[in-house]
Amino acid sequence: MTAPEMRHHTAAQAREIRAAVEDIYRRSYIEAIASGDPFDSPEAFMRRFDAYTAPDRLPGFDLVVAYLDGAPAGQTWGWPLRPGAAGWDGVQLDDADAAQFTAEDGHRTFALSEIMVCSGHSGRGIARALHDELLRGRPEQRATLLVEPDNERAYARYRKWGWYRVGWLRPGWDDAPIFDALILDLPL
């Protein structure tokens, strides 16, 4: 397989390719969308994307899109958590002091929000390549992500890549499920 071309985008640049972001989502989450779960609808997904890339948010958002033969094949994104970050609201930790664990200064934790590969391209190492491209060289001490506990395929990959569970939370988005909260120590 030819290695995918990776392109980084700031929040403003990501908004310029909004249609491609939605297309990648639709071609990656086919079963989730078909389930009818309102949280997984393309409209709900794009509302979250618009919030993550809103011009009034603090800088640091990074979108990486993988291209194969010039066509988008997957994407991932995230941003550094700032002081008072809503990303930890409601977290229930397995074994840590919540106040100390969730204290953010803008340099401690990078939140990996999404990673997806289009149908037809899975199983080819693109997810791992996206993951590593986004996190390689990050200055933060750790990264965090949320995964649905029953998403066995993704969970197994994250554990293989060094992620470990620290607790669970339900994000403040409408119809959000309960997710396991994972951590990865940085640098990679």
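An account of the accompanying structure is given in this report. (Residues numbered from 1 in each chain as written. Predicted model: local features only at pLDDT ≥ 70, side-chain atom pairs only at ≥ 80, totals over all residues. Heavy atoms only, no water.)

1. Concerning the pattern of salt bridges
Here comes step 1: Going through the model one piece at a time under the given rule, you end up with 11 salt bridges.
Here comes step 2: Among the ionic pairs, Glu104 bridges to Arg142, the shortest N-O distance being 3.3 Å. On the criterion of sequence distance, the pair formed by Glu104 in the loop between α5 (98–101) and β5 (109–117) and Arg142 in strand β6 (residues 142–147) is long-range, its members being 38 residues apart.
Here comes step 3: A relative accessible area of 6% places Arg142 in the buried class. (Salt bridge = Lys/Arg side-chain N within 4 Å of Asp/Glu carboxyl O. Helix = DSSP H or I, 4+ residues; strand = E, 2+ residues; numbered from the N terminus. Buried < 20%, exposed > 50% of the residue type's maximum accessible area, 1.4 Å probe, protein only.)

2. Remarks on the sheet that holds strand β4 (residues 92–93)
Here comes step 1: Pairing within the open sheet is mixed, and its 8 strands lie in the order β1-β2-β3-β5-β6-β8-β7-β4. Looking at which strands have only one partner, the edges of the open sheet turn out to be β1 (5–9) and β4.
Here comes step 2: Judged from the 6 bridges that link them, β6 and strand β8 (residues 179–185) form a sheet pairing that is antiparallel. Residue pairing across strands places Ala143 opposite Leu184, the latter belonging to β8.
Here comes step 3: Against the sheet, helix α6 (residues 126–135) touches β1, β2 (62–68), β3 (71–80), β5, β6 and β8, its axis set at about 155° to β5.
Here comes step 4: Each of β5, β6, β7 (164–169) and β8 is contacted by helix α7 (residues 152–160), which is oriented at about 165° to β6, the strand it contacts most. (Pairing = 2+ DSSP bridges. Contact = heavy atoms within 4.5 Å. Axes fitted to C-alpha atoms, helices over the stretch in contact; angles between N-to-C directions.)

3. Examining the pairing of β3
Within a regular strand, side chains alternate between the sheet's two faces.
Here comes step 1: Where burial is concerned, most of β3 is hidden: 8 out of the 10 residues are buried.
Here comes step 2: Where β2 hands over to β3, the hairpin turn is made up of 2 residues, of which Asp69 adopts a positive phi near 50°.
Here comes step 3: Summarising the sheet, β3 and β5 pair through 7 bridges and their orientation is antiparallel. Bridging across to β5, Trp77 finds its partner in Glu114.

4. Points about the packing of aromatic side chains
Here comes step 1: Across all of its chains, the model carries 13 aromatic pairs by this definition.
Here comes step 2: Ring geometry for Phe61 versus Trp77: centroids 6.2 Å apart, planes at 40°, classification tilted. One end of the pair, Phe61, is in the loop between α4 (42–52) and β2; the other, Trp77, is in strand β3, and 16 residues separate them in sequence.
Here comes step 3: Ring pairs connect the aromatic residues Tyr25, Tyr29, Phe45, Phe49, Tyr52, Phe61, Trp77, Trp79 and Trp173, which therefore count as one cluster.
Here comes step 4: The ring of Phe39 is capped by Arg48, whose NZ or CZ atom sits 3.9 Å from the centre of that ring.
Here comes step 5: In this structure, Arg57 is placed above the aromatic ring of Trp79, and the distance from its NZ or CZ to the ring centre is 4.7 Å. (Phe/Tyr/Trp six-rings, centres within 6.5 Å; stacked < 30°, edge-to-face > 60°. Lys NZ or Arg CZ within 6 Å of the ring centre and 35° of its normal.)

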